Amino acid sequence: MDQIRIRGLRIYAGHGVYEEEKKLGQAFYVDAVLDTDLRAAGEKDELGLSTDYGAVCGKIAEVMTGQSFSLIEAAAEKTAREILLSFPTVEGVELVLHKPQAPIPMSFEDVSVRIHRSWHTAYVALGSNLGDREALLRLGMEGVREHPLCRVEAVAPVYSTTPYGGVAQGDFLNTVMKVRTLLEPEELLELLQSLEQKAGRERKVHWGPRTLDLDLLFFDDRILDTPRLTVPHPDLQNRDFVLKPLCDIAPGLVHPVERRTAAALLRELEKNGELHVERLWTERDENA
């Protein structure tokens, strides 16, 4: 990934644990490395195709002087986030925030924090077989859309699916959405579970009926296994109702454990038996 580097941006602001620091202020210095694609701008020599680093400097100053933080960690976090939200061409940012006048009763040159933040790509499966299924799917989609650190980039067609797992129940509606997010995996999981609760989800029967089911399928190419979360989803390769809509929006997506594409995983299921899904509608159909 190409980079734009900003070094030693001086900003006078009031950050610190002590009230004197907040009141009197002091000089801070910011280094920023912006991960971005510069090829088109370089080929056509057009600022509109690049990231305006002067505007980035202005945004850094705006955040740093707009409020007081007790910790430079918080100032760095807020600044990095605002850069990513404000400049669509920036995929990631490394930020170093220097505090050379920190109140330390010893001789030192500098105190600084360094963080790296970036956009992530996640795929989320949605399912419902209770109540107004279509409305509940939209509740899940809109709930993610409305989060300030999430962008829904694509939604697959909706499919009708016979139940999976052997529990007698009504048919499901299923789809998959692609999400661009600044949240970390467990933060995104918390958002999804909060939306399930908003929809009245009750976890009484394993693989049983539910108003809204939101499963995190993939998060970048990470492989995670924690008490709360396993990514990639541990059973998605056996679920045609997940793979079918996933292939509508990301057929070439590679499963980081299986080392095969979503399309290849779906073909394997097709060889082993009939798919029990039927395409119903797309979000585009509904908005036409």
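Residues numbered from 1 in each chain as written. Predicted model: local features only at pLDDT ≥ 70, side-chain atom pairs only at ≥ 80, totals over all residues. Heavy atoms only, no water.

Now for the overall build of the protein chain. Counting secondary structure elements, the protein chain contains nine helices and twelve strands. Counting every position in the protein chain, which comprises 288 residues, the buried fraction comes to 47%. Look at the contacts in the protein chain between residues 6 or more apart in sequence, and 66% of them connect residues 24 or more apart. Total accessible area on the protein chain is roughly 15200 Å²; 48% of this is exposed by carbon and sulfur atoms. (Helix = DSSP H or I, 4+ residues; strand = E, 2+ residues; numbered from the N terminus. Buried < 20%, exposed > 50% of the residue type's maximum accessible area, 1.4 Å probe, protein only. Contact = heavy atoms within 4.5 Å. Areas by Shrake-Rupley, 256 points an atom, 1.4 Å probe, with all protein chains shown as cover.)

Omega for the bond connecting Val231 with Pro232 falls within 30 degrees of zero, at 0°, which places this linkage in the cis form. Positive phi, close to 55°, is recorded for Asp45, a residue that is not glycine. Relative to the assigned elements, Asp45 resides in the loop between helix H2 (39-44) and helix H3 (53-66). With a relative accessible area of 72%, Asp45 lands in the exposed category. Located in the positive-phi region is Asp220, a residue other than glycine, with phi close to 50°.

Let us look at a nonpolar patch on the surface. Together, Val17, Tyr18 and Leu71 give the surface a local cluster of nonpolar side chains, amounting to about 310 Å² of exposed area. Summarising the element assignment, Val17 is placed in the loop between strand E1 (3-13) and helix H1 (19-24). (Patch = residues over 30% accessible without salt bridge, like charges linked within 9 Å, V, L, I, M, F, W, Y side chains within 5 Å. Salt bridge = Lys/Arg side-chain N within 4 Å of Asp/Glu carboxyl O.)

Quantified by volume, the second largest pocket comes out at close to 180 Å³. Glu77, Arg81, Leu84, His116, Arg117, Ser118, His120, Leu149, Leu182, Leu183, Glu184 and Glu187 are the residues that line the second largest pocket. Of the residues belonging to the lining of the second largest pocket, the class tally is four nonpolar, three polar and five charged. (1 Å grid on protein atoms, 1.4 Å probe; cavity = no way out; pocket = protein on both sides within 12 Å on 5 of 7 lines; lining within 4 Å. Points joined across faces, edges and corners; volume = space filled by probe spheres on them. Nonpolar A, V, L, I, M, F, W, Y, C, P; charged D, E, K, R; others polar.)

This paragraph deals with the packing of H3 against helix H4 (residues 72-86). Between two packed helices, what matters for the description is the angle formed by their axes and the separation of those axes. Between H3 and H4, whose axes approach to 9 Å, the crossing angle comes to 140°. Judged by the angle between their axes, H3 and H4 are oblique. Considering the relative orientation of H3 and H4, their crossing is right-handed. Judged by residue contacts, Val56, Lys59, Ile60, Val63 and Met64 of H3 engage Ala75, Lys78, Thr79, Glu82, Ile83 and Ser86 from H4. Here the contact of H3 with H4 is composed, by residue class, of six nonpolar, two polar and three charged. (Axes fitted to C-alpha atoms, helices over the stretch in contact; angles between N-to-C directions. Parallel < 35°, antiparallel > 145°, perpendicular 65-115°, else oblique. Left-handed = near helix turned anticlockwise from the far one by under 90°.)

A word on the packing of aromatic side chains. On inspection of all chains with the given rule, the structure shows one aromatic pair. A ring pair is formed by Tyr123 and Phe218, whose centres lie 6.5 Å apart and whose planes are at 90°; its orientation type is edge-to-face. Of this pair, Tyr123 sits in strand E5 (residues 120-128) while Phe218 sits in strand E9 (residues 213-219), and the two are 95 residues apart along the sequence. Given the relative accessible area of 6%, Tyr123 is considered buried. For Phe218, a relative accessible area of 3% corresponds to the buried category. (Phe/Tyr/Trp six-rings, centres within 6.5 Å; stacked < 30°, edge-to-face > 60°.)

A word on the pattern of salt bridges. One pass over the structure, following the stated rule, counts 15 salt bridges. Across the pair Lys99 and Glu21 runs a salt bridge whose closest N-O atoms are separated by 2.8 Å. Here Lys99 is found in the loop between strand E3 (90-98) and strand E4 (112-118), whereas its partner Glu21 is found in helix H1, with 78 residues between them in sequence. The two residues Lys99 and Glu21 agree in class, both being buried. Via salt bridges that share partners, Glu186, Glu190 and Arg228 belong to a single interconnected network.

Taken across its seven residues, E9 has seven buried, putting it largely inside the fold. Examined bridge by bridge, E5 and E9 share six bridges and lie antiparallel to one another. Following the sheet pairing, Ala125 is matched in E9 by Asp215. (Pairing = 2+ DSSP bridges.)

Attention shifts here to helix H8 (residues 262-272). The periodicity of an α-helix, 3.6 residues per turn, causes residues three or four places apart in sequence to face the same way. Listed in full, the buried residues belonging to H8 are Ala262, Ala263, Ala264, Leu265, Leu266 and Leu269. Packed against the buried residues of H8 are helix H7 (240-249).

Attention now goes to the sheet that holds E4. Strand order in the open sheet made by the four strands is E1-E2-E3-E4, with antiparallel pairing throughout. Since the sheet does not close on itself, it has two edges, and those belong to E1 and E4, each with one partner. On average, adjacent strands in this sheet sit at an angle of 15° to one another, irrespective of strand direction. Pairing geometry for E3 and E4, over seven bridges, is antiparallel. Counted as the bridge partner of His98 is Ser112 from E4. Strands E1, strand E2 (26-36) and E3 of the sheet are contacted by H3, whose axis makes an angle of about 35° with E1.

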